[in-house]
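For reference, the chains in residue letters:
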Amino acid sequence: MFDQIFGLLTGRNAAAPTTGDDPQLRICVAALLVEAARMDDKFDAAERAAMERILAERFDLSKDETADLVAAAERAVDQSTQLFRFTDAVVRGVSIEDRVRILEMLWEVAYADGRLDPEEDALLRRIAGLIHVTDRDRGLARQRVLQRLGLG
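**Q** Explain the nonpolar core here, please?
**A** One recurring pattern in soluble globular proteins is that nonpolar side chains are buried together. Leu-33, Leu-55, Val-90 and Leu-106 are the most contacted members of the largest nonpolar core, which has 45 residues in total. Within the residue set of this core, elements represented by two or more residues are α2 (23-38), α3 (45-59), α4 (63-78), α5 (84-93), α6 (96-110), α7 (118-130) and α8 (135-149). At 11 residues, the largest contribution of residues to this core is made by α2. Contacts of Leu-33, omitting those with residues within four sequence positions, involve Met-51, Ile-54, Leu-55, Met-105, Leu-106 and Val-109.

And the structure:
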């Protein structure tokens, strides 16, 4: 697991193609969710539970596998000073349709506490641009999440 994080942060294996089953890509997606959860400086139980549920469903993981993925993502975020490594892996390894789904995952984490802080909104706007999701698709993804969560 440490080798995967190290490779992610140093750019090694950057030429290797990524797939939905790629552990490195999973860490990148989870790291973006961690960033969203931490953005308002309150990484609360609701956000953690939403993140774990979303990752378990998205990647069909057991509870232990999900906990390991979240721990690896938290370490990767703690060791990184920028989003680019995470977003670049997503752009290279994920179709545009799946990038929009990842943005929906991010909206779900951001709204897990029932509200959206300005910092979370700004982060998701920034991530959307970095993963090449249009403003229109970002807005539509947000609306779908609000409907699913009963907030819209």
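That was the structure; now back to the text.
**Q** I keep staring at α2 and nothing clicks. Help me out?
**A** Helical geometry: 3.6 residues make up each α-helical turn, so side chains three or four residues apart lie on a common side. With 16 residues, α2 extends 22 Å between its outermost C-alpha atoms, agreeing within 8% with the 22 Å of an ideal straight helix rising 1.5 Å per residue. Within α2, 14 of the 16 residues are buried, which leaves it mostly tucked inside the rest of the structure. Capping of α2 at its N-terminal end is provided by Asp-22; its side-chain oxygen lies 3.0 Å from the backbone amide nitrogen of Gln-24.

**Q** I tried to follow α7 on my own but got confused; where do I start?
**A** Taking 1.5 Å per residue, 13 residues should reach 18 Å; α7 reaches 18 Å between its end C-alpha atoms and fits that length. What α7 keeps buried is the set Glu-120, Asp-121, Leu-123, Leu-124, Ile-127 and Ala-128. Looking straight down α7, one finds that the buried residues subtend no more than 160° of arc, so they occupy a single side. Taken together, the buried residues of α7 touch α2, α3, α5, α6 and α8. In the segment just after α7, His-132 is the residue with positive phi, at about 65°.

**Q** Where do I start with unusual backbone geometry in this structure?
**A** Negative phi characterises most residues that are not glycine, and trans characterises most peptide bonds. For Asp-60, which is not glycine, the phi dihedral falls at a positive 50°. Relative to the helices and strands, Asp-60 is located in the loop between α3 and α4.

**Q** Would you mind going over the pattern of salt bridges with me for this structure?
**A** For side chains of opposite charge, pairing can occur when their charged atoms come near one another. One pass over the full model with this rule turns up 13 salt bridges. With a shortest N-O distance of 3.1 Å, Glu-104 and Arg-148 are connected by a salt bridge. Within this pair, whereas Glu-104 is found in helix α6, its partner Arg-148 is found in helix α8, the two being separated by 44 residues in sequence. Taking the relative accessible area as the measure of exposure, Glu-104 reaches 11% and is therefore buried. By relative accessible area, Arg-148 is classed as partly exposed at 49%. Across the pair Arg-138 and Asp-135 runs a salt bridge, and its minimum N-O distance is 3.4 Å. Taken as a pair, Arg-138 and Asp-135 lie in helix α8 at a separation of 3 residues, close to a single helical turn. Salt bridges sharing common partners tie together Arg-53, Glu-57, Glu-104, Glu-108, Arg-144 and Arg-148.

Calculation notes
- Residues numbered from 1 in each chain as written.
- Predicted model: local features only at pLDDT ≥ 70, side-chain atom pairs only at ≥ 80, totals over all residues.
- Heavy atoms only, no water.
- Core = buried A, V, L, I, M, F, W, Y, C linked by side-chain atoms within 4.5 Å.
- Buried < 20%, exposed > 50% of the residue type's maximum accessible area, 1.4 Å probe, protein only.
- Helix = DSSP H or I, 4+ residues; strand = E, 2+ residues; numbered from the N terminus.
- Contact = heavy atoms within 4.5 Å.
- Expected span 1.5 Å × (residues − 1).
- Polar contact = N/O pair within 3.5 Å; in protein donor to acceptor, adjacent residues only side chain to side chain.
- Arc of directions from axis to C-beta.
- Salt bridge = Lys/Arg side-chain N within 4 Å of Asp/Glu carboxyl O.

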